[in-house]
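Residue strings, one per chain:
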Amino acid sequence: MSVQNLNTFDPFADEADPLSSSRDVGSQSNYIHIRIQQRNGRKTLTTLQGLPKEYDAKKLLKAFKKEFACNGTLVDDEEMGQVIQLQGDQRAKIFSFLMEEGIPKATIKVHGF
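Residues numbered from 1 in each chain as written. Predicted model: local features only at pLDDT ≥ 70, side-chain atom pairs only at ≥ 80, totals over all residues. Heavy atoms only, no water.

Colleague: Just checking my understanding: could you explain the overall build of the chain for this structure?
Modeller: Looking only at helices and strands, one finds two helices and five strands in the chain. For the chain, the α and β elements follow one another from N to C terminus as β-β-α-β-β-α-β. For the chain, with 113 residues in total, the buried portion stands at 25%. If you take every contact in the chain between residues at least 6 apart in sequence, the share linking residues at least 24 apart comes to 48%. Put simply, the chain shows about 8800 Å² of open surface, and 49% of that area lies on carbon and sulfur atoms. (Helix = DSSP H or I, 4+ residues; strand = E, 2+ residues; numbered from the N terminus. Buried < 20%, exposed > 50% of the residue type's maximum accessible area, 1.4 Å probe, protein only. Contact = heavy atoms within 4.5 Å. Areas by Shrake-Rupley, 256 points an atom, 1.4 Å probe, with all protein chains shown as cover.)

Encoded structure:
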């Protein structure tokens, strides 16, 4: 007597791994992400990542600091590349600034609470 339920069977064995292919499945790399992070107490930090290579991050950071009257820094991340960090909740200001510079609204994602 053979019990069929005890055999090991992988239902996805014949399927290819969608993440191993060279194409980007569900990639977020073509978006500009604006996020907010809670530091301590009421202090927050706004990050901007995924900026296209044709924009100079140092000049953009300098313009942000002058326009929004806040401090900021440029951080090199292994996965995300260059990330701009600004003090305070600057999400709406960054969004409107990027829209005025001609970046399409569909490529900008604003995250946060």
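Colleague: Mind showing me how you'd approach helix α1 (residues 57-68) here?
Modeller: An α-helical turn contains 3.6 residues, so any two residues separated by three or four positions project in the same direction. Between its first and last C-alpha, α1 extends 16 Å over twelve residues, near the 16 Å set by a 1.5 Å rise per residue. Within α1, the full set of buried residues consists of Ala-57, Leu-60, Leu-61, Phe-64 and Phe-68. Down the axis of α1, the buried set is contained in an arc of 100°. They therefore lie on one face. Counted as exposed and oriented over 90 degrees from the buried face of α1: Lys-58, Lys-59, Lys-62 and Lys-66. (Expected span 1.5 Å × (residues − 1). Arc of directions from axis to C-beta.)

Colleague: In this structure, what is going on with the pairing of strand β2 (residues 44-49)? I would like to understand it.
Modeller: Working note: regular strand, side chains alternate between the two faces of the sheet. The buried count for β2 comes to six of six residues, which makes it a mostly enclosed element. What you see with β2 is no split at all: Thr-44, Thr-46 and Leu-48 on one side and Leu-45, Thr-47 and Gln-49 on the other are buried throughout. Hairpin connection between strand β1 (residues 32-38) and β2: a loop of five residues separates the two successive antiparallel strands, and Gly-41 in this loop has a positive phi of roughly 65°. With four bridges connecting them, β2 and strand β4 (residues 81-87) associate as antiparallel partners. The residue bridging Thr-47 from the neighbouring strand is Gln-85, located in β4. (Pairing = 2+ DSSP bridges.)

Colleague: Teacher, can you tell me more about unusual backbone geometry here?
Modeller: Note on backbone geometry: most residues besides glycine have negative phi, and most peptide bonds are trans. Backbone geometry at Ala-69 places phi at a positive 55°, although glycine is not the residue there. Along the chain, Ala-69 turns up in the loop between α1 and β3 (72-77).

Colleague: Help me out: how do you make sense of the side chain of His-33 in this one?
Modeller: Structurally, the position occupied by His-33 is in strand β1. Owing to a relative accessible area of 6%, His-33 belongs among the buried residues under this scheme. Of note is the side chain of His-33, whose polar atom sits 2.8 Å from the side chain of His-111. (Polar contact = N/O pair within 3.5 Å; in protein donor to acceptor, adjacent residues only side chain to side chain.)

Colleague: Before we go on, may I ask you to explain the packing of α1 against helix α2 (residues 91-100) in this structure?
Modeller: Geometrically, a packed helix pair is captured by the angle between its two axes and the distance between the axes. As a packed pair, α1 and α2 sit with axes 11 Å apart at the nearest point and diverge in direction by 120°. In terms of axis orientation, α1 runs oblique to α2. Read as a crossing pair, α1 and α2 show a hand that is right-handed. Of the residues in α2, those touching α1 at Leu-60, Ala-63, Phe-64 and Phe-68 are Lys-93, Ile-94, Phe-97 and Leu-98. Tallied by class, residues from the contact of α1 with α2 come to seven nonpolar, no polar and one charged. (Axes fitted to C-alpha atoms, helices over the stretch in contact; angles between N-to-C directions. Parallel < 35°, antiparallel > 145°, perpendicular 65-115°, else oblique. Left-handed = near helix turned anticlockwise from the far one by under 90°. Nonpolar A, V, L, I, M, F, W, Y, C, P; charged D, E, K, R; others polar.)

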